[in-house]
Amino acid sequence: MDFTFTEDQLLFQESVRDFLVNEVTPERIRAGWETDSGRDPALWQQLAELGLTGITVPEAHGGLGMTALDFVLLAQECGYVALPEPLVHTALVAVPMLTELGGELAAHWLPQIAAGEATVVVGLERNLVVEDAHIADLLLLQRGDELVAATAEQVVLQHSESIDPSRKLYTVEVAAAAPTVASGSQSAALLSAAQDRGALGCAAQALGLAQRMIDLTVQYTSERQQFGKPIGSFQAVKHHMANIAVRLEYAKAPTHRAAYALAVGQERAAQAVSHAKLVACEAANLAAKNCHQAHGAMGYTWEVDLHIFMKKAWALANTWGDAGFHKSRVAESIFAPGAALGAGATFA
Amino acid sequence: MDLAYTEQQQAFREEVRSWLAENVPAEPLQTFDTAEGFRQHREWEATLNSGRWGMVTWPQALGGRGCDLIEWLIFEEEYYRARAPLRVNQNGIFLLGPTLMEYGTEEQKARILPKMANGEEVWAQGWSEPNAGSDMAAIRSTAKREGDKYIINGQKTWSTRAVWADWCFGMFRTDPESERHRGLTFILVPLDSPGITVRPIPQLDGLPGFAEIFFDNVEVSVDNRLGDEGAGWSVAMATAGFERGLMLRSPARFQETARRLVELYTANRESADCDPAVKDAVLRAYLDAESYCLTTYQTACRLNKGGKIGAESSTNKIFWSELDQSMHATAMSILGARAELLPHAPAAQGVGTWLDGWLFSQSGPIYAGTNEVQRNIIAERMLGMPR
């Protein structure tokens with residue numbers, strides 16, 4: 001029993017965090033809102049040079065060959081800065097799907113992803129829209145029971161604007177004949193794995209988002225004075241923040257367990273992911289609510305940075321399976337006759 | 001990361017399981033808030049100790065097994081699974097015991113720990129006073145040094161188990177000029193000393209689970225001082241640390257409650273589902289109990305590897321106490337009109353021990369530092385908010 005990360009994993013997290021906090025500032029995110037694509041090719045290239053776009057690409061295809069467990073701490077840091085670039089999607093969803101598809105597709109696209117030269121996105125029908133379809137060179141799309149692979153030329157996109165200007169969402173029509181790359185049980189397995197990995201990505205980012213909102217609000221309430229004191233010295237404000245800290249603290253281990261379960265292919269991985277997504281997104285939503293309250297009217301403005309993180313937290317809670325989807329999955333397993341519950345069942 | 005038990009850990013679990021299967025009393029003991037129940041529980045402690053299961057984390061030399069935190073969690077899982085009796089000497093074995101090992105003299109350890117381990121001496125706490133509750137530094141009870149004795153005067157209250165306990169431990173002001181955290185000393189007091197009056201306080205269930213203790217010129221030998229004179233506050237803080245909190249309220253307890261709640265819900269599904277909030281609350285109970293377990297294991301693994309515990313441990317007490325309260329509230333909703341009935345009432349069918357648990361869960365957010373005080377600690381020490 002070892003529920004800790006290695007020194008290497010923790011050092012990697014620290015260095016990625018330093019990089020992201022320096023590079024992906026709220027100013028840079030706001031600048032992205034003013035551009036057509038909302039994406040920053042120079043930043044993507046930097047991420048590729050750090051090995052991050054290819055972190056889960058097998059070494060044989062020019063990547064680092066790491067797993068969801070290695071990436072989960074980095075995904076938290078992507079959340080901490082509200083990274084607009086599709087790094088979490090690439091590492092957790094697109095690359096594993098291509099790797100599992102194997103063959104020509106993997107051999108062609110994976111090295112390009114690792115080099116930062118190509119972007120591949122996955123579209124599930126449950127998500128209604130496809131994230132970052134506008135910058136994708138290849139789209140792996142669910143069409144009923146099948147999975148099709150369409151190149152950028154083979155699709156017609158319609159932008160569906162989000163309240164979060166950093167999120168770029170599209171409905172995708174496959175115009176030309178795009179090949180079916182998986183069907184039947186293979187397609188079902190690929191799609192369900194993608195669903196779980198996408199949900200894990202949301203959970204990990206939610207942890208980072210919650211922490212960022214806490215940090216911003218602790219700073220704000222330490223500076224803002226009313227009644228001759230910093231408002232952060234009032235217990236009503238402190239308790240709002242402490243409540244977030246409690247929920248956040250207890251959402252971390254479930255998220256790390258979910259990453260482990262996916263990485264080693266545990267039978268109960270889907271349930272672990274649903275647990276993580278529910279509690280991590282709840283923590284981030286509570287952070288959004290209480291931090292907004294502690295910011296007073298300032299939190300309701302476009303000018304204050306809080307909404308960058310708040311809106312992303314709101315969006316992540318309802319994508320890659322909303323609460324209803326994930327609660328149903330947990331309910332199915334715990335209310336089943338003979339379900340293993342209680343003391344000693346967690347790691348059995 | 002490797003979330004599987006080692007062979008050694010699995011073997012340990014088997015050993016605990018089979019010993020408990022043979023030794024846990026078939027009939028539940030009476031509550032230890034009655035004289036007879038207290039006696040039964042004291043006897044159970046002796047039985048546990050005879051198998052060296054009394055306190056597995058204690059060193060071998062003191063009758064323990066030198067277990068690490070993961071083995072402790074495994075022991076607790078088996079203990080709660082087996083529905084073994086509650087620990088009547090928890091103040092002693094979980095709180096004072098580890099503090100004694102850290103601050104006690106060799107003479108004190110040899111004199112006190114073995115009798116604590118076998119239930120011969122059961123311990124009560126003596127922290128709170130009428131005007132020192134959340135504000136523990138406001139303690140006014142005094143211990144005046146005279147030669148090799150302290151003369152104690154004053155009053156303690158909310159002293160759990162004090163009605164039938166043999167000893168109490170607590171803080172007393174040894175420097176009459178001192179204020180707040182300074183000038184306090186940690187002293188162990190035999191409750192049969194002349195000058196002591198114990199007045200039981202009936203709890204919500206009408207039973208005397210705690211008491212007031214009055215001290216009227218009570219003489220205590222200086223041999224019963226733990227740590228240096230005036231160093232009581234730091235000794236007491238050690239008693240309140242994370243590991244002690246883990247000992248007192250390990251995840252197994254809440255996971256078993258969550259499991260029983262799922263059972264209660266599925267057995268009463270038709271009526272329970274009339275309130276759509278109930279299913280969600282049951283689901284949430286399961287998830288939160290599971291989160292508490294996962295987080296505790298993660299922290300325990302980090303500590304086993306030499307990691308240090310930080311201010312984030314203050315989140316622990318809020319999490320389990322609110323979980324316990326909400327799980328029992330959900331059970332009360334499911335039981336509906338039966339919820340208020342005492343277990344032996346003729347109309348009480350299938351009410352189990354939920355009412356008792358519900359009453360006790362009301363105390364969780366209050367004892368061991370109210371949740372409001374915990375929230376202040378989290379905001380100031382963990383998040384760095386201004387005082």
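Residues numbered from 1 in each chain as written. Chains lettered and ligands numbered in written order. Predicted model: local features only at pLDDT ≥ 70, side-chain atom pairs only at ≥ 80, totals over all residues.

Summing up its helical and strand segments, chain A has 11 helices and 9 strands in all. In terms of overall dimensions, chain A is globule-like: its C-alpha atoms have a radius of gyration of 20 Å, near the 20 Å expected for 348 residues. When its C-alpha atoms are laid out on the principal axes, chain A stretches across 70 × 55 × 35 Å. Residues counted as buried form 52% of the 348 residues belonging to chain A. Counting contacts in chain A only where the partners sit at least 6 residues apart, residues at least 24 apart contribute 70% of the total. (Helix = DSSP H or I, 4+ residues; strand = E, 2+ residues; numbered from the N terminus. Rg over C-alpha atoms; globule rule 2.2 N^0.38 Å. Buried ≥ 20, exposed ≤ 12 C-beta atoms within 10 Å, placed from the backbone. Contact = placed C-beta atoms within 7 Å.)

Listed per partner, the contact involves 41 residues of chain A and 46 residues of chain B. The element that contributes the greatest number of residues to the side of chain A that touches chain B is helix H8 (residues 235-264) of chain A, accounting for 14 residues. When its residues are assigned to classes, the side of chain A that touches chain B shows 24 nonpolar, 12 polar and 5 charged. (Nonpolar A, V, L, I, M, F, W, Y, C, P; charged D, E, K, R; others polar.)

Let's shift gears to helix H6 (residues 103-114) of chain A. All names here are of chain A. The terminal C-alpha atoms of H6, which comprises 12 residues, lie 17 Å apart, in line with the 16 Å expected from a rise of 1.5 Å per residue. All of the buried residues along H6 are Trp109, Leu110, Ile113 and Ala114. Looking down the long axis of H6, one finds its buried residues gathered within 130 degrees of arc, a one-sided arrangement. Structural note: H6 exposes Glu104 and Ala107 on the side pointing more than 90 degrees away from its buried face. Positive phi appears at Gly116, one or two residues downstream of H6, with a value of about 80 degrees. (Expected span 1.5 Å × (residues − 1). Arc of directions from axis to C-beta.)

Residues and elements named next belong to chain B. By the element assignment, Leu191 lies in the loop between strand S5 (184-190) and strand S6 (196-201). Along the primary structure Leu191 and Arg65 are separated by 126 residues, whereas in three dimensions their C-alpha atoms are 30 Å apart. In this structure, Leu191 is in contact with Ala162, Ala165, Asp166, Trp167, Cys168, Ile196 and Val198, ignoring residues within four places of it in sequence.

Okay, the sheet that holds strand S3 (residues 138-143) of chain A next. All names here are of chain A. Strand order in the open sheet formed by 4 strands is S1-S3-S4-S7, and the pairing between neighbours is mixed. Every interior strand has two partners, whereas the edge strands, strand S1 (120-123) and strand S7 (180-182), have only one. In this sheet, neighbouring strand axes are inclined to one another by 30 degrees on average, regardless of whether the strands run parallel or antiparallel. Across the sheet, helix H7 (residues 184-223) lies against S1, S3, strand S4 (146-151) and S7, angled at about 70 degrees from S4, the strand it touches most. (Pairing = 2+ DSSP bridges. Axes fitted to C-alpha atoms, helices over the stretch in contact; angles between N-to-C directions.)

Take helix H13 (residues 371-382) of chain B next. Looking at H13 of chain B, one finds that the buried residues are Asn371, Gln374, Arg375, Asn376, Ile378, Ala379 and Met382 of chain B. Those residues of H13 of chain B that are buried lie in contact with H8 of chain A together with helix H11 (315-335) of chain B. Just beyond H13 of chain B, the residue with positive phi is Gly384 of chain B, at close to 75 degrees.

All right, on to the packing of helix H5 (residues 87-101) of chain A against H6 of chain A then. Residue and element names in this part refer to chain A. Relative to each other, H5 and H6 sit at 145 degrees, their axes nearing to 7 Å. Facing H5, whose interface residues are Thr90, Val95, Leu98, Thr99 and Leu101, H6 presents Gly103, Leu105, Ala106, Trp109, Leu110 and Ile113. Class assignment for the residues of the contact of H5 with H6 results in 8 nonpolar, 3 polar and no charged.

On to the pairing of strand S7 (residues 210-221) of chain B. Residues and elements named next belong to chain B. Bridge count between strand S3 (residues 149-160) and S7: 9 bridges; the pairing is antiparallel. Each residue of the ladder has a partner; that of Lys156, found in S7, is Ile213. Of the strand pairs in this sheet, S6 and S7 are connected by 6 bridges, and their pairing is antiparallel. Each bridged residue has a counterpart across the sheet, and for Val198 the counterpart in S7 is Ile213.

As a further point, take the domain arrangement of chain B. All names here are of chain B. You can read the domains of chain B as domain 1 (7-88), domain 2 (123-235) and domain 3 (249-382). Between the C-alpha centres of domain 1 and domain 2 the distance comes to 29 Å. Tallying the contact residues gives 6 residues for domain 1 and 5 residues for domain 2. Of the residues belonging to the side of domain 1 that touches domain 2, the class tally is 3 nonpolar, 2 polar and 1 charged. (Domains from an automatic or database assignment.)

Turning to the sheet that holds strand S6 (residues 169-174) of chain A, a few remarks are in order. All names here are of chain A. Overall, antiparallel pairing links the 3 strands, which are arranged S2-S6-S5 in an open sheet. The open sheet terminates on both sides in strands that have one partner only, identified here as strand S2 (130-131) and strand S5 (155-159). Pairing geometry for S2 and S6, over 2 bridges, is antiparallel. Paired with Val130 across the bridge in S6 is Tyr170.

The subject of this paragraph is the pairing of strand S2 (residues 142-146) of chain B. Residue and element names in this part refer to chain B. For S2 and S3, the ladder comprises 5 bridges, and the chain directions are antiparallel. Residue pairing in the sheet places Lys144 in a bridge with Ile151 of S3. Remark: 2 residues form the turn of the hairpin made by S2 and S3, two consecutive strands paired antiparallel; Gly147 in that turn has positive phi of roughly 65 degrees.

For Trp320 of chain A, which is not a glycine, the phi torsion comes out positive at approximately 55 degrees. Along the chain, Trp320 of chain A falls in the loop between helix H10 (306-317) and helix H11 (323-334). Although it is not a glycine, Arg180 of chain B sits at a positive phi angle of roughly 50 degrees. Tracing the chain through its elements places Arg180 of chain B in the loop between strand S4 (167-173) and S5. Under the C-beta neighbour-count criterion, Arg180 of chain B is labelled exposed, with 12 such atoms within 10 Å.

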